[in-house]
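Chain by chain, the residues:
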Amino acid sequence: MKSLSIIVPALNEADTIETTLGELQRLRERGAEVVVVDGGSSDGTAVLCNGLADRVIGGPRGRARQMNTGAAESRGDVLLFLHADTLLPRNGAKAAVQAIADGAVWGRFDVAIVGGSIWFPLIGALMNLRSRLTGIATGDQAMFVEREAFERLGGFPDQPLMEDVALSKGLRDIAPPACLRLKVRTSGRRWQAYGVLRTVLLMWRLRWMYWRGVPADEIARAWR
């Protein structure tokens, strides 16, 4: 069976990181490697990770850079990238490794957004449907990939936003994704903090800008 490395980029995630890593302990007991890459947190995130990950390393700030750093420092045949506020489903890691063993090059999970908004189930369902139709995954869906293919493409592009979309496009040119129906649970806190409808509309606008070829740096400024 192929070995698995779970890479968690983190920046000021003290409120969530222990829960996320706690859910991964049974996988560590079964041989999975957990690597946390901290981007310079000021809230003690890195300290909270001690004992809950195989490696806690510092990396240059930026999700793409942190994930690339974690991939380079990890050992697994299969790389799974997990946001610090996202929880894998039961048997999710096994399903990801099995998908690669069965011939997939990469893949992602369905996503369920956790929070108080009545719109979250619909938003999650539309995200999953869009992903199936386009072959594009987002970071919230816990992307996983065979190491050789990841390295062949040079990892995530060094850009401040849409790095998941860019990598998906490169991987899609190699092979279609394995779209697992098991659902990761990701926090809806950012949607709620900025307003659910406002956030959805902004994300659509940003994706439209990216599709039109607007540079990622400019899109990141619009996001901020």
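Here, every reference points to the structure presented above.
Attention here is on the structure that accompanies the text. (Residues numbered from 1 in each chain as written. Predicted model: local features only at pLDDT ≥ 70, side-chain atom pairs only at ≥ 80, totals over all residues. Heavy atoms only, no water.)

This brings us to the pairing of strand S2 (residues 33-38). Burial analysis of S2 places six of its six residues in the buried class, the great majority of the element. Covered by surrounding structure in S2 are Glu33, Val35 and Val37 together with Val34, Val36 and Asp38, the residues of both alternating faces. The sheet contact formed by strand S1 (residues 4-10) and S2 spans six bridges and is parallel. Opposite Ile7, over in S2, you have Val35 as the bridge partner. Pairing of S2 with strand S3 (residues 55-58) involves four bridges; the strand directions are parallel. The partner of Val37 across the bridge, within S3, is Ile57. (Buried < 20%, exposed > 50% of the residue type's maximum accessible area, 1.4 Å probe, protein only. Helix = DSSP H or I, 4+ residues; strand = E, 2+ residues; numbered from the N terminus. Pairing = 2+ DSSP bridges.)

With that settled, consider the packing of aromatic side chains. For the coordinates displayed, the defined rule picks out four aromatic pairs. Taking 5.3 Å as the distance between ring centres and 35° as the angle between the ring planes, the aromatic pair formed by Phe81 and Phe150 counts as tilted. You can see Phe81 sitting in strand S4 (residues 78-81) and its partner Phe150 sitting in helix H7 (residues 147-152), a full 69 residues away along the chain. Given the relative accessible area of 4%, Phe150 is considered buried. Ring plane angle 70° and centroid distance 5.7 Å describe the contact between Phe150 and Phe156, whose orientation is recorded as edge-to-face. Comparing Phe150 with Phe156 shows no difference in burial state: the two are buried. Through pairs of rings, three or more aromatic residues link up here, namely Phe81, Phe150 and Phe156. (Phe/Tyr/Trp six-rings, centres within 6.5 Å; stacked < 30°, edge-to-face > 60°.)

With that settled, consider the pattern of salt bridges. Scanning all chains against the criterion turns up ten salt bridges. Two residues, Arg55 and Glu73, come together in a salt bridge whose shortest N-O distance is 3.0 Å. Of the two residues, Arg55 sits in strand S3 while Glu73 sits in helix H4 (residues 63-73), which places them 18 residues apart along the sequence. For Glu73, a relative accessible area of 35% gives the class partly exposed. For Glu148, the salt bridge is made with Arg152, and the minimal N-O distance between the two is 2.8 Å. Within this pair, Glu148 and its partner Arg152 are both found in helix H7, separated by four residues, close to a single helical turn. Among the charged side chains, a salt-bridge network with shared partners connects Glu13, Asp85 and Arg189. (Salt bridge = Lys/Arg side-chain N within 4 Å of Asp/Glu carboxyl O.)

Remember that the coordinates give geometry; whether it matters functionally is a separate question.
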